[in-house]
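# Coordinate inspection notes
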Amino acid sequence: MIQHAEEIARLKERLLAMASHAESAVARAMRALVERNDALARQVEEDDNILDRYEIEIDEAAIHILTKAPLATDLRLTTVAMKISQNLERVGDEAVTIARRSIDL
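The structure contained in this document is the topic of the report that follows. Remember, predicted model here, so these are calculated numbers, not experimental data.

Scanning the protein from N- to C-terminus turns up 3 helices and 0 strands. Listed N to C, the secondary structure of the protein is α-α-α in terms of helices and strands. Against the compact-globule benchmark of 13 Å for 105 residues, the protein has a radius of gyration of 16 Å, which places it well outside the compact range. On the principal axes, the C-alpha backbone points of the protein span a range of 50 × 20 × 15 Å. Buried residues in the protein amount to 32% of all 105 residues. Counting only contacts in the protein whose residues sit at least 6 apart along the sequence, the fraction spanning at least 24 positions is 80%.

This is the structure in structure tokens:
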């Protein structure tokens, strides 16, 4: 059985990985726009589902943690993680918008 501290650590790791992927998506979308690289722009679009899956995984992990009546600090971290993952997913959606616009140009 996974320890509570391990679950919190895994939640943090997933959130950091998601943030890294979102940052990469924006950077690649901007590079695709500047360099007029349609293949890179299409790759950004295809990779958007990765961020969608991260958001679902983080929400599921957070809900699982919340069912165990965590301490106040863990409760705050868990709820904030859910909010952050939602916003990171939106960042990924904006990267896709940039990528699509670069293809249009």
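Here the focus is the nonpolar core. Counting 11 residues, the largest nonpolar core is built from I8, L11, L15, M18, A22, L51, I58, A61, I65, A81 and L88. Breaking this core down by element, the ones donating at least two residues are α1 (4-35), α2 (38-66) and α3 (72-104). Ranked by residue count, the leading element in this core is α1, at 5 residues. Contact partners of L15, with chain neighbours within four places excluded, come to I58, A81, I84, S85 and L88. Grouped together as the second largest cluster of nonpolar side chains are 9 residues, A29, A32, A95 and V96 included.

When the charged atoms of two side chains with opposite charge come close together, those side chains can pair. This structure, assessed with the given rule, holds 5 salt bridges. A salt bridge links K68 to E7; its shortest N-O distance comes to 2.9 Å. A residue pair is termed long-range when its members are at least 10 positions apart, and K68 in the loop between α2 and α3 and E7 in helix α1 qualify at 61 residues. Among the residues examined, E7 registers a relative accessible area of 10% and is labelled buried. Of the charged contacts in the structure, one is a salt bridge between E35 and R31, with a shortest N-O distance of 3.8 Å. Within this pair, E35 and its partner R31 are both found in helix α1, separated by 4 residues, close to a single helical turn. A relative accessible area of 48% places E35 in the partly exposed class.

The subject of this paragraph is the environment of A32. By secondary structure assignment, the location of A32 is in helix α1. Among the residues examined, A32 registers a relative accessible area of 1% and is labelled buried. In this view, A32 contacts N37, L40, A41 and S102; residues no more than four positions away in its chain are not counted.

Next up on the list: the environment of R36. Secondary-structure assignment places R36 in the loop between α1 and α2. For R36, a relative accessible area of 56% translates into the label exposed. Considered as a pair, R36 and Q86 are 50 residues apart in the sequence and their alpha carbons are 29 Å apart. Here R36 is in contact with R31 and L105, once residues within four sequence places are set aside.

Analysis parameters
Residues numbered from 1 in each chain as written. Predicted model: local features only at pLDDT ≥ 70, side-chain atom pairs only at ≥ 80, totals over all residues. Heavy atoms only, no water. Helix = DSSP H or I, 4+ residues; strand = E, 2+ residues; numbered from the N terminus. Rg over C-alpha atoms; globule rule 2.2 N^0.38 Å. Buried < 20%, exposed > 50% of the residue type's maximum accessible area, 1.4 Å probe, protein only. Contact = heavy atoms within 4.5 Å. Core = buried A, V, L, I, M, F, W, Y, C linked by side-chain atoms within 4.5 Å. Salt bridge = Lys/Arg side-chain N within 4 Å of Asp/Glu carboxyl O.

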